[in-house]
Structure formats: structure tokens, C-alpha cells
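# Coordinate inspection notes
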Amino acid sequence: MRIVVALGGNALLQRGQALNADNQRDNVRQAVKALAAVHAEHELVIAHGNGPQVGLLALMDAAYEQGSAFPLDVLGAESVGMIGYMIEQELGNVVPKDDHIVTLLTQIVVDQNDPAFQHPTKPIGPVYTAAEAEALAADKGWSLAADGDKVRRVVPSPRPQRIIEIDTIRLLVEKGVIVICAGGGGIPVSFDEQGHLHGVEAVIDKDLASGLLSRQLDADAFVMLTDVPEVCVDFGTPEQRAIRRAHPDALAAMDFAAGSMGPKVQGACEFVKATGKMAAIGRLNDLSDILAGNAGTCVSLDVDGIEYA
């Protein structure tokens, strides 16, 4: 089977951990154990998030006062190189030495008229207290939004339209290469009136980008890994219930948070409806069980409505 796995931020950084290289490498070292087990039996394509990392780079960039700040597309490319390097190296340490792994910077076209540019929702960077956020908003003109009991910067997250490097990715996968691509949702780009590509100040949601990647690669399964075991309704309340299996129409009719579970559910439903294949959402350590149908939330046309755990 050809499987696209989208790693959530927890694969690189646990909530509340310091944004440093040692923590990220330790988490990647744990993540690749689950990925290697999948690679042993299937074709594997890996995507990943970059919210904390690109936000940190933006903070570091803002501290340099002798020039204008680098745009988010450039910072996104920097973060993808860093994260891809760590995944590539640590995965290479646990798979057979003759296996090939490559990180591919991936440009993804967005529409510059996308309404998302007027309504930033994508959280990036570290968490702040309310007082810290208020000061940053005044000083830097950032948009900020609640993230649990803290606050994070939010930026535009336009829908991905087309993957520029999709033919290259497909060639590599067909040759048996483990491809790390569409990192951070891909580097957002657009065409000008002369047909030239240029970067766009945004961060694409990795789950929607990974769903597009899965469809264009004709993947047999699309798995999004996060830090919760299943999709839940009434999350964080006494009425919370975990969803084990769901039809995409039934799941799409439910309401989930735009900055967290919402894009995962949307990406899963779009993939299943377009391909008839299986999508799933669950926890990194449960990856093998998710693929076996014994863990996580499975989205499939074979299900009637919603089945709770």
C-alpha cells in the first residue's frame, strides 16, 4: 500500500516544551520508530507540520533590526529544511542502510484572493500569556488567538490548490524512495500576471496540504497523527465522546475547531470522498494499530453515520 502520514507538531515538540534542537531531535527519534515499522511493509510518504518552528524563526528574524523581516514563505522553507534534515537522519538510522530517503522542498499554489487572508486562523510560534500577547499585538501588529489557556500568534492559512513538484514526488515514490514533502503545509506560492511564481505571506495547513498530496499520489491510506487518540465530540467537557469510525458526510456535518481538529477532519473527509480510500486520525504511537483499524478515528465510505468508541 501507498501511505501518506502527516506528522503533527507533537512528533517534533510536546506542548509546553522549549523550542530547542535537543527536544525536537529527541521527539523525532521516537517518531521514526513508528514510521520505520510502516516503511517495512508499505510505500511511505511523510508530511509534517512546522507551526512552532516557523513562529520561532519569525521571532528570531524580528530581533534583527538592520533590515526588513523575512516573509513567512522563506521562513517556512527554512523550517522545512531543518525538520526534514532531522527526520531524514533519524529515520535513516533505523531503516535498512540501503534504503533511500529524501526531503523535498514543496511549493504549493494558493489563491491570493482566498478569504483566509482576511481571517487569520493558523497558530504559529510559542504560547503566550494574555499580557504578553497584548504587548506583542501592539508592538508587532500581529493577530493573536486563544490556544487552550494561553495565546498564540495566528496567520492566514489559504487552501492549497496545486503542488508544483507533484511529478517529482511521484517519480521518487515509484522508485521506492521514502519522500518527506509538503512540510509545513508546503511553501505557499502564487503566479503573477506574467506567469512567474512568487512567495505568499501565509502558512498552509499541513493536513489540507497532505490531503491534496494524498489524492494526487493516489495513496491507499491517509493518516494524520496528533497528540490525542481519537477525534472527540464535546472535547474537554464531561460529555466528551471518542469517534471510532465515521462516514465522511456525517463527520463533515459536525463542528470542530478551525485551528486544530477542524482541518484534520476536513482533510480526511475530502480524501475519502474523492478516492473511496481510508483516512484516519490518531496518536503517533498507535500508528500500526490505526492502519489495522484497531485505534484512532477511521473515516470510510463503509461506515453508516458515526460509530463511537
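The model shown is predicted, which means the values in this text are computed figures rather than measured ones. (Residues numbered from 1 in each chain as written. Predicted model: local features only at pLDDT ≥ 70, side-chain atom pairs only at ≥ 80, totals over all residues. Heavy atoms only, no water.)

## Some thoughts on the sheet that holds strand 7 (residues 150-155)
What counts is decided by this rule: For two strands to be treated as a pair, DSSP must find no fewer than two bridges joining them. Numbered from the N terminus, helices here are DSSP runs of H or I no shorter than four residues, and strands are runs of E no shorter than two. Axes, fitted as lines to C-alpha atoms, cover a helix only where it is in contact. Angles between the N-to-C directions of the axes lie from 0 to 180 degrees. Two residues form a contact once any of their heavy atoms are found within 4.5 Å.
With antiparallel pairing, 3 strands are arranged side by side in an open sheet as 5-7-6. Strand pairing shows two members of the sheet lacking a second neighbour, strand 5 (122-128) and strand 6 (143-147), which therefore form its edges. Shown here is a sheet whose adjacent strand axes are inclined to one another by a mean of 40 degrees, direction ignored. In terms of strand pairing, strand 6 meets strand 7 through 5 bridges, oriented antiparallel. Within the sheet, the bridge partner assigned to S143 lies in strand 7 and is V154. Each of strand 5 and strand 7 touches helix 2 (residues 51-62); the most contacted strand, strand 5, lies at about 70 degrees to it.

## Concerning the pattern of salt bridges
Formally: Salt bridges are defined as contacts in which a side-chain nitrogen from Lys or Arg sits within 4 Å of a carboxyl oxygen from Asp or Glu. Using a 1.4 Å probe on the protein chains alone, a residue whose accessible area is under 20% of its type maximum counts as buried, one over 50% counts as exposed, and one in between counts as partly exposed.
Under the defined criterion, the tally for this structure stands at 17 salt bridges. Taking the shortest distance from any N to any O, the salt bridge between D207 and K206 comes out at 3.2 Å. Each member of the pair, D207 as well as K206, carries the same accessibility label: buried. One salt bridge in this structure joins K277 and D220, with 3.5 Å as the shortest N-O distance. Taken as a pair, K277 in the loop between helix 8 (261-275) and strand 15 (278-283) and D220 in the loop between helix 6 (206-216) and strand 12 (221-226) lie far apart in primary sequence, 57 residues in all. Classification of K277 by relative accessible area gives partly exposed; the value is 24%.

## Here we look at the layout of surface pockets
Over the atoms a probe the size of a water molecule is rolled, and this reveals where empty space is left. Let me state the cut-off plainly: In this analysis, the protein atoms alone were mapped onto a 1 Å grid. Cavities are point sets where a 1.4 Å probe fits without being able to get out; pockets are open sets with protein on both sides within 12 Å along at least five of seven lines; lining residues have an atom within 4 Å of a point. Grid points are joined across faces, edges and corners, and a volume is the space filled by probe spheres set on the points.
The calculated volume of the second largest pocket comes to roughly 380 Å³. In terms of lining, the second largest pocket is formed by 21 residues, of which the most central are L208, A258, G262, P263 and Q266. Looking at the lining of the second largest pocket, the elements with two or more residues in it are strand 5, helix 7 (248-252) and helix 8.

## Some words on the packing of aromatic side chains
Aromatic rings in a pair are described by how distant their centres are and how their planes are angled relative to each other. Applied cut-off: Pairing of aromatic rings covers Phe, Tyr and Trp, the last through its six-membered ring, and needs centres within 6.5 Å; plane angles under 30 degrees mean stacked, over 60 mean edge-to-face, and all others mean tilted. Lysine NZ or arginine CZ positioned within 6 Å of the ring centre and within 35 degrees of the ring normal marks a charge as sitting over the ring.
One pass over the full model with this rule turns up 1 aromatic pair. Note that R241 overlies the ring of Y308, its terminal NZ or CZ placed 3.9 Å from the centroid.

## Observations concerning unusual backbone geometry
Located in the positive-phi region is A182, a residue other than glycine, with phi close to 50 degrees. Note that A182 resides in the loop between strand 9 (178-180) and strand 10 (187-191). A positive phi is found at D234, a non-glycine position, where the angle reads about 55 degrees. Note that D234 resides in the loop between strand 13 (231-233) and strand 14 (241-246).

## Side note on the sheet that holds strand 11 (residues 197-199)
Reading across the sheet, the 4 strands line up as 8-4-10-11 and stay open at both edges, with mixed pairing between neighbours. Each edge of the open sheet is held by one strand with a lone partner, namely strand 8 (162-163) and strand 11. Of the pairings in the sheet, the one linking strand 10 to strand 11 comprises 3 bridges and is antiparallel in character. By the bridge assignment for strand 11, S190 is matched with H198.

## Topic: helix 2
For the record, the criterion: Expected helix span is computed as 1.5 Å times (number of residues minus one).
Spanning 12 residues, helix 2 covers 17 Å between terminal C-alpha atoms, matching the ideal 16 Å at 1.5 Å per step. In this structure, the buried side of helix 2 is in contact with helix 1 (21-39), helix 3 (72-92), strand 5 and strand 7.

## Some words on the nonpolar core
Nonpolar side chains in soluble globular proteins generally cluster together in the buried interior. Here is the rule we go by: Residues belong to a common nonpolar core when they are buried Ala, Val, Leu, Ile, Met, Phe, Trp, Tyr or Cys residues joined through side-chain atoms within 4.5 Å.
Counting 41 residues, the largest nonpolar core has I169, L213, L251 and V265 as the members making the most contacts within it. Ranked by residues supplied to this core, first place goes to helix 8 with 6 residues. Beyond its immediate sequence surroundings of up to four residues, L251 is in contact with I243, A246, F256, V265, C269, V299 and I306. Formed by 31 residues, the second largest nonpolar core is a distinct cluster that contains L35, I87, L91 and A280.

## As for the side chain of N50
We count it as follows: Within 3.5 Å is the distance limit for a polar contact, defined as a pair of N or O atoms, with the added protein rule that one can donate a hydrogen and the other accept it, and that residues adjacent in sequence qualify only through two side-chain atoms.
Secondary-structure assignment places N50 in the loop between strand 2 (43-48) and helix 2. A polar side-chain atom of N50 sits 2.9 Å from a polar atom in the side chain of S79. Beyond its immediate stretch of four places on either side in the chain, N50 contacts G76, S79, I83, G184 and V203.

## Examining the packing of helix 1 against helix 3
Counted only if it meets this: The scheme is simple: roughly parallel for angles under 35 degrees, roughly antiparallel for over 145, roughly perpendicular for 65 to 115, oblique for anything else. By convention the crossing between two helices is left-handed if the near helix lies anticlockwise of the far one by an angle smaller than a right angle, and right-handed if it lies clockwise. Any residue that is not Ala, Val, Leu, Ile, Met, Phe, Trp, Tyr, Cys, Pro, Asp, Glu, Lys or Arg is counted as polar, Gly included; the first ten are nonpolar and the last four charged.
Closest axis-to-axis distance for the helix 1/helix 3 pair is 9 Å, and the angle between their directions is 50 degrees. With respect to helix 3, the axis of helix 1 lies oblique. When the axes of helix 1 and helix 3 are compared, the crossing they make is right-handed. Residues A21, Q24, R25, V28, R29, V32, L35 and A36 of helix 1 touch helix 3, and the partners they reach there are M82, Y85, M86, I87, Q89, E90 and L91. The class makeup of the residues in the contact of helix 1 with helix 3 is 10 nonpolar, 2 polar and 3 charged.

Nothing here speaks to function; it is geometry throughout.
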